[in-house]
Amino acid sequence: MSDHKPNSVPSPWAGIILIVFAVICAILVVLDFVIDRYVEHPLEAWSVFYPLFGFVGISCLILVSKVLRRLVMRREDYYDAE
Amino acid sequence: MPSSLPPFLIFFLGALVVPLLSRVPRVRMLWLVLIPIVGALNAMGIQEGYELQYELLGYTLTLVRADRLAIMFGHLFHLGAFIAIVYSLHLKKGDHATVQHTSAVVYAGSAIGAVFAGDFITLFVFWELLAVSSVFLIWTRRSPRAVSAGMRYLLVHIVSGVTLLAGAMVHAHNTGSLDFGFMGLEGLAGWLVLLGFGVKAAFPLLHSWLIDAYPEGTPTGTVFLSAFTTKVAVYALARGYAGTDALIYIGAVMACFPIFYAVIENDLRRTLGYSMINQIGFMVCGIGVGTHLAINGAVSHAFNDVLFKGLLFMSMGAVMHMTGKTKASDLGGLYKTMPWTATLCIVGALSISAVPLFNAFVSKSMIMSALLEEHFNWIWPVMLFASAGVVEHAGIKIPFFAFFAHDSGIRTREPPWNMLAAMGVGAVACLAIGVWPELLYGILPHAVDYEPYTASHILTQLQLLAFAIGAVAAFHLWKIYPAEIPSVNLDADWVYRRAAARVVRFTGGAVGAADAAFRSTVVGTVRGVLRGAFRAHGPRGILARTWPAGSMVLWVSIILAAFLLLEFL
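Residues numbered from 1 in each chain as written. Chains lettered and ligands numbered in written order. Predicted model: local features only at pLDDT ≥ 70, side-chain atom pairs only at ≥ 80, totals over all residues.

A.B. asks: How should I be thinking about the overall build of chain B in this particular structure?
C.D. replies: Each helix and strand counted, chain B has 21 helices and three strands in total. For chain B, whose C-alpha radius of gyration is 32 Å, the value lies well above the compact-globule estimate of 25 Å for 569 residues. In terms of its C-alpha atoms, chain B occupies a principal-axis envelope of roughly 130 × 60 × 60 Å. Expressed as a percentage of its 569 residues, the buried residues of chain B come to 54%. For chain B, the share of sequence-separated contacts (at least 6 apart) that also reach a separation of at least 24 residues comes to 80%. (Helix = DSSP H or I, 4+ residues; strand = E, 2+ residues; numbered from the N terminus. Rg over C-alpha atoms; globule rule 2.2 N^0.38 Å. Buried ≥ 20, exposed ≤ 12 C-beta atoms within 10 Å, placed from the backbone. Contact = placed C-beta atoms within 7 Å.)

Pasting the structure below:
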């Protein structure tokens, strides 16, 4: 497993990138209340709909994929075996 | 006398010369680059509305039909061929350069021929040529896996062509015309032709040839493969099935199911294969909606997909060319030694994720807006989820696991200049269309009145993307993101690679036993007959015994006496 290998990006840089990213996310949420969004779909009318949808959607995607992996994952030579 | 040749002809004639130039690689490079350039100049001379017809067995067939849709795809395939050809210029004898170059040029020509074909017979011929020419881009990898994957790829595509032909025959029988225009799902012909197109477009459950074969292609071959086959199918659907409701739902399924597989796939080129089905899902959905905005969105997304998916496949091809690896579990940290490749890959990742200023932002937005305009309120969130999913697998996973993540310890160099140049052209095109969508609007099939860059739209897209990325980052930090594990994931191809094989083996065993029993019965019967015949006719058999001449005279006398007696009675 690759968990034992060191990270390729030195951690101070990774930390800075994460902080900048968090600030961007915060600004985008604030802008949701500043900019008058054009609403076509009923769901869009919720404030912070898009950030919520993005975060929850991807969280579900990853969690469901982990379940899918239990069902479908086989050894790398699965098809070579027969 | 038309001023232009049929567009595919430039490629086919060009391909004829390629093998003759195998001893002069520099001349061959020049020749190869000239083919798409001359082809594009020739195609530009074709006026809208131009048709070239010929007679065959009493049918009028249309070798070239130039309308806006065909011309747009023609431009796209010339651009795609140019980029992919530049990308593969470094190929040497050891890479089976002659076979790869020749088949790639024929393949590109077939795609161009298919989009300009005005009738089903011409379309069918190019449809099958696409399969037959492109399979060499898989086989030339020469690994046992590539050889068998190529064979499966060929079989699936031949079946697709035969289904298309069957549909065309029914259509011709019903209507008396072989013209390829709008089909719809009326009757058997409509369904058969849709099935034929659906195989090439990688409809759900018909998709696994793509996942199976594309990752087994050569580093350069897969770039060609990603550009043409599925886009020809998208073109065919746009022409034959625009506004067919079923496609909306098929497209939604296509956009969604592959993103789950993409999360857990270890082979990065296979991840891109899943990503490709996801993107075609958007196109198919747009075609199903069928309004002018939706069709424009679908075909411009096809245009953009050739660019950004090509760019991503090129960057992974470059990694494979330099390191021999494409598995996430084997890679990581390559940004240190391949900074340009990493940067270009990130441009592709930003494009496919539909970040503002990159091309998919324009085309995907058109499809999403068309869904809202037509009040597909249940499908829209599904497609929005699929959009967010793209960020996860193509936007982050591909560049992250190849170039960053855990340091694999691999130290390599940048790929050859031509690979970088081709990726550069792709990246510039992605950005150019993103910044100046008018470049694309001008060649779309319908007039465009669409402005992607509104404050509201930019904000919502950035929010969606940022928080999707945030979720991935959080899952990484919490260490619950699925790790890179060397593995394969079962998909629909399991049905014919495993289940069908087992069924054949089992039924083969049962049939074999029945066959053996039948044969032994027959052989036993024949032996019995032979034994009986031997008993009668053999050396001591009653019918083979030698009787003395006297006894014969006696019998003759008896019969004669009997006759005389009967005569006198």
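A.B. asks: Explain the confidence of the model for chain B to me, please; I cannot follow it from the model alone.
C.D. replies: Low pLDDT means the predicted coordinates in that region are not meant to be read closely. When pLDDT is averaged along chain B, the result is 93; 99% of the residues meet or exceed 70. Across the interfaces of the predicted complex, the ipTM metric reaches 0.92, alongside a pTM of 0.90. (pLDDT = per-residue confidence, 0-100.)

A.B. asks: I'm lost on helix α1 (residues 7-17) of chain B in this one. Help?
C.D. replies: Helical geometry: 3.6 residues make up each α-helical turn, so side chains three or four residues apart lie on a common side. All names here are of chain B. Pro7, Phe8, Ile10, Phe11, Gly14 and Ala15 are the residues of α1 that are buried. Projected onto a plane normal to the axis of α1, the buried residues spread over an arc of 155 degrees and lie on a single side. The secondary structure elements touched by the buried residues of α1 are α2 (25-44), α3 (68-87) and α4 (97-116). (Arc of directions from axis to C-beta.)

A.B. asks: It is not clear to me how the interface of chain B and chain A should be interpreted in this structure. Could you clarify?
C.D. replies: Accessible area lost when the parts come together is the quantity often used to give the size of an interface. Contact residues are listed per partner, giving 49 residues for chain B and 43 residues for chain A. The set of elements that each furnish at least two residues to the side of chain B that touches chain A consists of α11 (245-264), α16 (379-403), α19 (455-477), β3 (488-489) and α20 (494-537) of chain B. If you tally residues by element for the side of chain B that touches chain A, the top one is α19(B), at 16 residues. For the side of chain B that touches chain A, the per-class residue count stands at 31 nonpolar, 14 polar and four charged. The pairing of strand β1 (residues 73-74) of chain A with β3(B) spans two bridges and is antiparallel. Among the inter-strand pairings, A:Met73 is bridged to a residue of β3(B), identified as B:Asn489. (Nonpolar A, V, L, I, M, F, W, Y, C, P; charged D, E, K, R; others polar. Pairing = 2+ DSSP bridges.)

A.B. asks: Mind showing me how you'd approach the pairing of strand β1 (residues 51-56) of chain B here?
C.D. replies: On any regular strand, side chains alternate: one points to one face of the sheet, the next to the other face. Residue and element names in this part refer to chain B. Of all six residues that make up β1, zero are buried, and the element is exposed over most of its length. Pairing geometry for β1 and strand β2 (residues 59-65), over six bridges, is antiparallel. In the strand pairing of β2, Glu51 is matched with Arg65.

A.B. asks: Looking at this structure, I do not really get α4(B). What am I missing?
C.D. replies: Between the first and last C-alpha of α4(B) there are 29 Å, a value that for 20 residues agrees with the 28 Å anticipated at 1.5 Å per step. For α4(B), the tally of buried residues reaches 18 of 20 residues, placing the bulk of the element in the interior. (Expected span 1.5 Å × (residues − 1).)

A.B. asks: Is there a simple way to think about the packing of α11(B) against α16(B) in this case?
C.D. replies: When two helices pack together, their arrangement is given by the angle between the helix axes and by the axis-to-axis distance. Residue and element names in this part refer to chain B. At a minimum axis distance of 9 Å, the contact between α11 and α16 shows a crossing angle of 30 degrees. One finds that α11 runs roughly parallel with respect to α16. Here the hand of the crossing between α11 and α16 comes out left-handed. Residue-level contacts link Ile248, Ala252, Ala255, Cys256, Ile259, Ala262 and Val263 of α11 to Ile379, Val382, Met383, Phe385, Ala386, Gly389, Glu392 and His393 of α16. (Axes fitted to C-alpha atoms, helices over the stretch in contact; angles between N-to-C directions. Parallel < 35°, antiparallel > 145°, perpendicular 65-115°, else oblique. Left-handed = near helix turned anticlockwise from the far one by under 90°.)

A.B. asks: Where do I start with the packing of helix α12 (residues 268-289) of chain B against helix α15 (residues 359-373) of chain B in this structure?
C.D. replies: All names here are of chain B. In the contact formed by α12 and α15, the axes pass within 10 Å of each other and the chain directions differ by 40 degrees. Taken together, the axis directions place α12 and α15 in an arrangement best described as oblique. When you trace α12 past α15, the crossing you get is left-handed. On α15, the residues touching Phe282, Cys285, Gly286 and Val289 of α12 are Lys364, Ile367, Ala370 and Leu371.

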